[in-house]
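# Structural features, examined
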Amino acid sequence: MEWFDSWGLTLAIFLPVAGAAAILVVPRADEATQKLVALLFTGATLAVSIGLLADFDYDRASGLQFEVNKSWIDVINSRYHIGLDGISLPLLVLSAVVTLLCVVYSWDHFPEPHNPKAFLALMLLLETGMIGTFAAQDLILFFIFFEVVLLPMYFMIGVWGGPNREYAAIKFFLFTLFGSALMLLSFLALYFKSDPHTFDIVALSQPGVLEMSKGVGSLIFAGMFLGFGIKVPMFPFHTWLPDAHTEAPTVGSVILAAVLLKLGTYGFIRVALPILPDAAEDWAPVIGTLAVIGIIYGALACLAQTDMKRLIAFSSVAHMGFVMLGIATLTDFGINAAVMGMVAHGLITGMLFFLAGSLQERYGTREIARLGGLLKSAPRLGWILGFTAMASLGLPGLAGFWGEFPAILSAYQPAAALSEVWFRVFMVVAAIGTVLAAGYLLYMYQRVAMGAVPAEWEDAHIHDVHTPEWIAWTPLLIGILVIGIFPALIFEMTDPAAQVVTKVFGG
Amino acid sequence: MLATIAQSLLAEGEHVVDSVGEGGHEALEAASWILQQGWLMPLVPAVSFFAILFFGKRLPRQGAEIGLAAVGFTFLWAVLSAFEWIGGSAVVERSTTWFSNGRFDIDVGIHVDGLTVMMFVVVTTVSALVHVYSLEYLRGDQRFTYYYAALSLFTASMLNLVVADNLLQLIVGWELVGVCSFMLIGHWWEEKPNSDAALKAFLTTRVGDVGLMLGAITLFFAVGTFNIEAINQAALSDGIRHGLLLTAACLLLLGVAGKSAQFPLHIWLPDAMAGPTPVSALIHAATMVVAGVYLVARTYGVFFEGFSIDSGGINLLALTGGVTLFIAAALAFVQHDIKKVLAYSTVSQLGYMIAALGVGAWTAAVFHLFTHAFFKALLFLGAGSVSHAAHHTFDMREMGGLRKYMPRTFWTFIIGTVALAGIPPLAGFWSKDEILLGAKEGDFGTILILGSIGAFMTACYMGRTVFLTFFGEYRGHGTPHESPGLITVPLMILAVPSLLIGLINAPGIEKFNDWVAFHVPDVTFHLEHHDFDPGLALISTVIAVFGFAVATWVYYWQKAPKGLLERQPVRAVHTFLEQKYYLDHIAVSGIAAGTAGPIARGTYWINQHVIDGIVNGVGVATNRFLAPFTYDVLDQELVDGMYDDIAGATSAVGGLLRKAQSGLIQRYALVLFAAVGAGGAALAYLT
Amino acid sequence: MYLNQYLFLAAVLFCIGVYGVLSRRHAVLVLMSVEIMLNAVNINLIAFSVHIQEVSGQVFALFVITVAAAEVGVGLAIVILIYRNLASPYLDQVDSLKG
């Protein structure tokens, strides 16, 4: 379909924002219509994404497809350049799936202060930002979509969040904005250092377009490193994450964990590495070091948590450490592992946040010490929690393993320019991280799900899984299992694209 | 994963390739059809797992029938495979690409040879009997369906582990059996000790798994593939640097120690007895715990070259096994819980197997694995039967005299005990004897001595167990009774191989050597097989009998000097043993609690106070100092001051001007006319 | 006929009108002075109309008379309102336009 080839991607990006506009037209009191419109538009976006998935030519996964390159802001030579390759495609589909599931999940229980109209509109706006970031091939376009995400999430946390929401929202906003500012600076530097001046990611990735000394390249990379690293979040820029997650409403946490964090790691793969390969080689040991510190550090911090949601938030720090380790190796193995890790973490941690939200709704608390006997009170919920925890600790046969193991594997033999000894140390440290991961997840599971029902809840009626929850969770659970059994589903897409990214590193 | 094998092998049958060696194609042609369908073995129970999980509750027997059917099928297939293999089938090597990553194709496939077929037989036989036994033992359990689902998943994972032709697929099976073990140890999770035991088992083996993963990665990059046969070939033909090989072997050994409960990672296995007894028989005696032994046997090239086993003396593998077999046997003496005695006995026997591999006695190790599976499963199931009769206790202090009440259990238990103690002609004798022989011939004096002492201790503590349980007066409450047929029939079935199976490698028959051998194509590597040594056999028999005699003297006739335990050196040793060498304290209170406690809390403290402190500090500083300065001094005084001044000036001018606006019409008119006049005058003047 | 004489008369009348507008306090007198000024303009229009043989000037004069009539009407109405509100016809007491 020629029409779909040229318009499909644009449709996927802007359908949600059209949906947001449509919701704003609906009267405030008519909640049913608002929900229906949101469902319709996220559903349509997902349908388009599935269409993209189906229409994608897997034999050419290394190059851009569904490419559109139209003039946009001529003055600065910034163009409306979008396209998909094997790395962005799975993430785009993930965003579409997660948003739809979030709409379904919040069907009957919008967090206080209710107001579905604003909530859904923000969610749709968020979706445009996420999908746009994964599709953008122009730095300015990329930056705009990257920033579009910020505001809805700020409001989601700040309005629908927990008791300490204002602090968390502002912290989230300032942290990310700080990073973005430096990132924008780097983008501008790239523009002025390129000949001819351009913001086009594809053009900038060509050798010979950028003329500058090593020091300047390294500085520019540093700016992007901060911008993306804060979003990931990498140790030691991670402290906004636990607060944001703890305070955010369930759906906000899910989107934050499942997709937003990936914008940072995706930025490294899409922008930082291809455009500044030399600087990437200089920075890779730093990234690797921070990544493995993050793995151990996040895991240890998890063990000290008493709040379930905060625990899951810190586990994200650890898991994103594996993703960053994969990226830091600058090998095709590593990039594949990173993208797989992103998708797997999206599914699994998204699922864990859903569960944490549902538990809070049922018990009114997330204190691990007060919970217990979930397997007894609500067996299905308990089993799903167990399944997801197992997936999260990297059990083979489930998706998490394919993010973790190949990342550790890739560290054995990093790109030619990097120190093997260093990365083997990273490998060992990361592998120890898997034990700690098992430790905190099972510790949490034992206290929440096993044991007798505490006296506090003995008479309480703990509802087992609701219908909207089933609908929202089943696709995630199936995804975790299917990707775990057929990792080729993802690797098939990412592998050719990863080889393109790492060709310059001799990978 | 299992479905992948099936799907790929079915759909892409014509792409099935032999991934190693040139002889492969011939082998494929000559291999039996039954063996070629080895992928069915893990697949069938895997399907059964999902079937039980989703439909089990609705069935009349709550899903047990599906599990029984699946395991029955695998058992039949295993028996058929065994016949086909004995009948002279070639090795089956089939694989297909699972996924491509980077420059490498990662395969999924099956490798069926003698070792695999032997494991098929062991796993499916014990699993099938445990399935039957559990029908009675877990009758009415609230999670009966989940139990059977977990059994199916376990069987599938274990069979996948043994059929795998590459390390990655083996790791998948390895981890999955670990999870099943976790689920089943914690089957009665309402009580915290049970879930604690499950956690301890999972985490301890997970520590070992780090080694396994890193070892597999090392070998992968050394050889360029996960394929086990290719790894063995490379290792045995000097394709890998010795240093690298040694590293890989040490790393893998860590994994082996975790899974097969070798010192010092053996601490989880006794606790794992918290699970239902049939599970202990299946997972923690016959199958899962021997996965480590299987791994060493499977990748023997790496260990053999890595540890230079042919040079004799001592090596890490043999030492691990030797130490384990001794310390675990010692611990078995101080246990009151019959299952814990058996658990330590299992650890000790696993030590024998590892030690055997360490001394180069490959066949002996595998043979011991084979015989041990039967008699140890028998003993565990027997212990379960005893507990079933004696009010669900495993404490031997509340038993005694059960010989009269439950004869079938008693006799089968005796068979298991004698087999374990190594008295001819029962199964355990032949395999243990081969191990000692291997140690002697391989010039491993330390292992020979440790092994002999271990043999004495084994006979002795098993004698103690039998006397405490079945002889004397009944010390519990209620009247014990014989267990029903669903329990005793599996015991009797298992008693047959415990009695006889050892004979297949008896002198003059020696079939096992031919059937199960370590063979790597295209490499000249030969493990020496030693002929039966009557002298050594006699000595080991005497040792075992002596062990029984001591046990009889102390526990049956109770002739031990009174108050022996109270005397100082004995007392100290006893306490030391009761505290399990304080290893558990170090692991649980020291390492685990230390990590989860102070270290984790310290990290979190750093997070909250240092890192977040910096962030908040920047925020507060901005708020307290930078912001006031900016606002009060810069903004209010300088910038705003300037604007204030401009505004003030404007206001002053306005004040002047507003006086002109009097509101008096005539004054406006005056201005108007004056202006007209002035304008007119100017016009007149200019023109 | 001399145009100057008419123009002189008109100028005198206009000046009287201006003086009246500026100096009288009584609103009605101010209005009358405005009328005088308008009539001075009328005289000019007619004088020029005759002088240049063009009728349109006289037509304009008719317009001015009409507008003047309307103006007086409105003006008187305002004066009456002012008187009602302030009880005074004197303009120097009306300063509600003051800024």
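Just so we're clear, the structure is a prediction, and the values are computed from it rather than from any experiment.

## Quick notes on the overall build of chain C
Tallying secondary structure elements over chain C gives 3 helices and 0 strands in all. If you list the helices and strands of chain C from N to C, you get α-α-α. Its C-alpha atoms give chain C a radius of gyration of 16 Å, clearly above 13 Å, the size a compact globule of 99 residues would have. In terms of overall dimensions, chain C has a C-alpha envelope of 50 × 25 × 25 Å along the principal axes. Across the 99 residues that make up chain C, the buried fraction comes to 15%.

## Things to note about the overall build of chain A
Of regular secondary structure, chain A possesses 20 helices and 2 strands. Whereas a compact globule of 507 residues would reach a radius of gyration of roughly 23 Å, chain A reaches 22 Å, a difference of no more than 12%. Viewed in the frame of its principal axes, chain A has a C-alpha envelope of about 70 × 55 × 40 Å.

## Some words on the nonpolar core
One finds Ala 430 of chain A together with Ala 365 and Ala 377 of chain B to be the most contacted residues of the largest nonpolar core, which totals 436 residues. Look past the residues within four positions of Ala 430 of chain A in its chain and what remains in contact with it is Val 292, Ile 295, Phe 322, Leu 325, Ala 407, Ile 408 and Ala 411 of chain A. Listed in part, the 9 residues of the second largest apolar core include Ala 10, Val 30, Leu 91 and Val 94 of chain C.

## A look at the interface of chain A and chain B
Tallying the contact residues gives 42 residues for chain A and 40 residues for chain B. Listing elements by their share of the side of chain A that touches chain B, those giving two or more residues are helix H12 (277–303), helix H14 (332–363), helix H17 (399–412), helix H18 (420–449) and helix H20 (488–502) of chain A. If one sorts the elements of the side of chain A that touches chain B by residue count, H18 of chain A sits on top with 11 residues. Here the residues of the side of chain A that touches chain B are counted per class, giving 31 nonpolar, 9 polar and 2 charged.

## Examining helix H13 (residues 308–328) of chain A
All names here are of chain A. Over its 21 residues, H13 extends 30 Å from the first C-alpha to the last, a length consistent with the 30 Å expected when each residue adds 1.5 Å. Of all 21 residues that make up H13, 21 are buried, and the element is covered over most of its length. Once H13 ends, the next one or two residues include Leu 330, with phi positive near 60°.

## A look at the pairing of strand S2 (residues 104–112) of chain B
Successive side chains on a regular strand alternate, one facing one side of the sheet and the next facing the other. Residue and element names in this part refer to chain B. Among the 9 residues that make up S2, 7 are buried, leaving the element largely enclosed by the rest of the structure. Judged from the 9 bridges that link them, strand S1 (residues 92–101) and S2 form a sheet pairing that is antiparallel. The residue of S2 that forms the bridge with Thr 97 is Asp 107. Hairpin connection, S1 to S2: the antiparallel pair is bridged by 2 residues, and Gly 102 has positive phi, about 60°.

## Concerning the interface of chain C and chain B
By a widely used convention, the size of an interface equals the accessible area lost when the partners come together. Opposite the 11 residues of chain C that make contact, chain B presents 10 residues. Along the lines of polarity and charge, the residues of the side of chain C that touches chain B split into 6 nonpolar, 2 polar and 3 charged.

## Structural notes on the confidence of the model for chain C
Of all residues in chain C, 96% have pLDDT values of 70 or greater, and the mean over the chain is 88. This prediction of the complex comes with two scores: 0.82 for pTM and 0.90 for ipTM.

## Some words on the environment of Tyr 405 of chain B
Residue and element names in this part refer to chain B. In this fold, Tyr 405 is placed in helix H19 (residues 402–405). Overall, Tyr 405 belongs to the partly exposed group, with 17 C-beta atoms counted inside 10 Å. Sequence separation of Tyr 405 and Leu 252 is 153 residues, and the distance between their C-alpha atoms is 47 Å. The contacts of Tyr 405, once residues within four sequence positions are left out, are Ala 389, Pro 480, His 481 and Glu 482.

## Some details on the packing of H17 of chain A against helix H9 (residues 192–223) of chain B
One way to put it is that H17 of chain A packs onto H9 of chain B with a least axis distance of 10 Å and a crossing angle of 50°. Here H9 of chain B runs oblique to H17 of chain A, going by the angle between their axes. Helix-helix and strand crossings are classified by hand; for H17 of chain A and H9 of chain B the assignment is right-handed. In this structure, H17 of chain A uses Phe 405, Ile 408, Leu 409 and Tyr 412 of chain A to contact H9 of chain B, whose residues at the interface are Met 213, Ile 217, Phe 220 and Phe 221 of chain B.

## So, the pairing of strand S1 (residues 65–73) of chain A
All names here are of chain A. With 6 bridges connecting them, S1 and strand S2 (residues 78–84) associate as antiparallel partners. Residue Ser 71 lies in a different strand from S2, and its bridge partner there is Arg 79. Linkage of S1 to S2, two consecutive antiparallel strands, is achieved through a turn of 4 residues, within which Asn 77 is found at a positive phi near 55°.

## Some points on helix H5 (residues 139–148) of chain A
For H5 of chain A, a buried count of 7 out of 10 residues is recorded, marking the element as mostly surrounded by other parts of the structure. On its buried face, H5 of chain A is in contact with S2, helix H4 (116–135), helix H7 (165–193), helix H8 (201–205) and helix H11 (250–275) of chain A.

The rules we used
- Residues numbered from 1 in each chain as written.
- Chains lettered and ligands numbered in written order.
- Predicted model: local features only at pLDDT ≥ 70, side-chain atom pairs only at ≥ 80, totals over all residues.
- Helix = DSSP H or I, 4+ residues; strand = E, 2+ residues; numbered from the N terminus.
- Rg over C-alpha atoms; globule rule 2.2 N^0.38 Å.
- Buried ≥ 20, exposed ≤ 12 C-beta atoms within 10 Å, placed from the backbone.
- Core = buried A, V, L, I, M, F, W, Y, C linked by C-beta atoms within 7 Å.
- Contact = placed C-beta atoms within 7 Å.
- Nonpolar A, V, L, I, M, F, W, Y, C, P; charged D, E, K, R; others polar.
- Expected span 1.5 Å × (residues − 1).
- Pairing = 2+ DSSP bridges.
- pLDDT = per-residue confidence, 0-100.
- Axes fitted to C-alpha atoms, helices over the stretch in contact; angles between N-to-C directions.
- Parallel < 35°, antiparallel > 145°, perpendicular 65-115°, else oblique.
- Left-handed = near helix turned anticlockwise from the far one by under 90°.

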